[in-house]
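What follows is the residue order along each chain.
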Amino acid sequence: TDVWAVGDSYSGTLTEHWNGITWSVIPSPNPVPGRNFLTGVSAVASNDIWAVGNYGGYTLIEHWNGSSWSIVPSPNPSTSSGYLNKASASGPNDVWAVGNSDSSGNPVSTLVEHWNGSSWSIIPSPNPSTSGSILSGVTAISATDVWAVGSDSNDTLTEHWDGTSWSVVPSPNPDPNRDSNHLYAVASLSANDVWAVGDTRFQTNTLVEHYSTSGCATPTPAPTSTPQPTVCPNPFVDISSNIFFVAINTLYCRGDINGTDATHYSPASTTTRAQFAKVVVLGFGEQLYTPSSGQDFTDVPPSYFAYAYIETGLHNGILIGFDANTCAAYAAQFPCYLPNIPITRGQLTKLVVGAAHYPLITPASGQSFTDVPPSNVFYVSIETAHNKGVINGYPDNTFRPNNPIRRDEMAQIVYAGITTP
């Protein structure tokens, strides 16, 4: 009869309560206008609930005292933004929150905060890799036994608090030579029985890890693949366990995409602007258009394999070329399309939103991703696609719009745009 859930809406933080019969929204404060996020909650007692999250690059911690929610001051790293992902408490004077901090030009690093009964403070936590570390889940067993899990570059990350300091505890990585291994949540049945769950990124492989001090550790199960429905026989040997299998297989069977050879799709490779033009024009069923006056882009002659698709996309308002300065930077004559450079996550999202003819959405409450502010050229398109459920960001609440997009991600976003009204 006493369950809490937290999150966010376009109007700000969101807390809901189950009283044994129904769920109801309970008012919760927002420190600033715009997007305020709650991402984790932990209950000590019915009148002692903690919720954590972030707003505008600052940590956010709120407390329920039995009658109302209030903001409790929480520290932020001195030179970087702070994000709290989850919380766990072993008692009223021992509450932990974990997440990550991020400063411009530096790798993401772990962030751990502790409530001692009177105030929150940052507790130093290790960062094994120089490529970036994130803590996504935490479980507090006692004041001297706390576990946190996340990811460190491409590896799982588990850290332990022994009452004095945090230390890294080695954890297995079932897919060390391919995509990232992530742990998102951790729970403890006892000090001798701790479980963590996650996935191997961009794969449909579930990941479950178990910690035991009994001297007979439970073997970590091998990642398992969820059987995937096929639209037509799958010729690609490298996508059978890919998380975006359905999208790739569907678009392939429709004739919208091809592999890099007869038996490989190469899901981790990048997609060029020409390749994407073909996929989006075919995927959204655009009628092919050939201009009577010749080519519109100096670097896309009629003999180019994607000529008709690029011209169709331009004619239908789906895609555009680059300005004169950008053309010159690539030694191309204006007007240019630059068909052979990788397409970015932001560019692709904008083109899918245009092809799907979604009404553009500008959220009144601010940005959904920390690295896509309203000043970003792709802001409205990314917010529109996110609102439609066509795209998601990364665990650290970024979208990384300037990153080249992978071929499997490309297929998923196009597929989502085609199937989402």
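This report concerns the structure included in the present document. Here the structure is a predicted model, which means the values were calculated and not measured.

## Observations concerning the environment of alanine 364
Take alanine 364: it is sitting in the loop between helix 5 (345–356) and helix 6 (379–388). Considered as a pair, alanine 364 and tryptophan 18 are 346 residues apart in the sequence and their alpha carbons are 29 Å apart.

## Quick look at the nonpolar core
Among the nonpolar cores identified, the biggest contains 47 residues, and Phe276 and Ile310 are the most heavily contacted of them. Residues contacting phenylalanine 276, with those up to four places away along its chain left out, are Thr271, Ile343, Leu348, Leu351, Val352, Met410 and Val414.

## Considering the packing of aromatic side chains
Applying the stated criterion to the full structure yields 17 aromatic pairs. Look at tryptophan 147 and tyrosine 211: their rings are 4.5 Å apart centre to centre, the planes differ by 50 degrees, and that puts the pair in the tilted class. Of this pair, tryptophan 147 sits in strand 13 (residues 145–152) while tyrosine 211 sits in strand 18 (residues 205–211), placing them 64 residues apart in sequence. Residue classification places tryptophan 147 among the buried residues on the basis of a relative accessible area of 6%. Put simply, the rings of Trp4, Trp64 and Trp69 pair up and form one aromatic cluster. Directly above the aromatic system of tyrosine 337 lies the positively charged group of arginine 273, at a separation of 4.1 Å from the ring centroid. A cation over a ring is seen here: arginine 400 above tyrosine 394, with NZ or CZ 3.8 Å from the ring centre.

## Considerations on the pairing of strand 8 (residues 81–91)
Most of strand 8 is tucked away, with eight of its eleven residues classed as buried. Summarising the sheet, strand 8 and strand 9 (residues 94–102) pair through nine bridges and their orientation is antiparallel. Each residue of the ladder has a partner; that of alanine 89, found in strand 9, is valine 95. Counted along the chain from strand 8 to the antiparallel partner strand 9, the turn is two residues long.

## A closer look at the sheet that holds strand 11 (residues 120–122)
Spatial strand order, 8-9-10-11: four strands in an open sheet with antiparallel pairing. At either margin of the open sheet sits one strand with a lone partner, and together these are strand 8 and strand 11. Neighbour-to-neighbour, the strand axes of this sheet turn through a mean angle of 25 degrees, independent of strand direction.

## Focus on the state of the cysteines
Under the defined criterion, the tally for this structure stands at two disulfides. The disulfide bridge from cysteine 232 ends at cysteine 253, spanning 1.8 Å between sulfur atoms. Disulfide cysteine 232-cysteine 253: the torsion about the S-S bond is -85 degrees, which places it as left-handed. On the criterion of sequence distance, the pair formed by cysteine 232 in the loop between strand 19 (224–225) and helix 1 (245–253) and cysteine 253 in helix 1 is long-range, its members being 21 residues apart. On the basis of relative accessible area, cysteine 253 is assigned to the partly exposed category, the value being 27%. Sulfur-sulfur distance for the disulfide between cysteine 327 and cysteine 336 comes to 2.0 Å. Taking the sign of the S-S torsion, about -100 degrees here, the bridge from cysteine 327 to cysteine 336 comes out left-handed. Accessibility classification places cysteine 327 together with cysteine 336 in one group, the buried group.

Cut-offs used in this document
- Residues numbered from 1 in each chain as written.
- Predicted model: local features only at pLDDT ≥ 70, side-chain atom pairs only at ≥ 80, totals over all residues.
- Heavy atoms only, no water.
- Helix = DSSP H or I, 4+ residues; strand = E, 2+ residues; numbered from the N terminus.
- Core = buried A, V, L, I, M, F, W, Y, C linked by side-chain atoms within 4.5 Å.
- Buried < 20%, exposed > 50% of the residue type's maximum accessible area, 1.4 Å probe, protein only.
- Contact = heavy atoms within 4.5 Å.
- Phe/Tyr/Trp six-rings, centres within 6.5 Å; stacked < 30°, edge-to-face > 60°.
- Lys NZ or Arg CZ within 6 Å of the ring centre and 35° of its normal.
- Pairing = 2+ DSSP bridges.
- Axes fitted to C-alpha atoms, helices over the stretch in contact; angles between N-to-C directions.
- Disulfide = S-S within 2.5 Å.

Any functional reading would require information that these geometric values do not contain.
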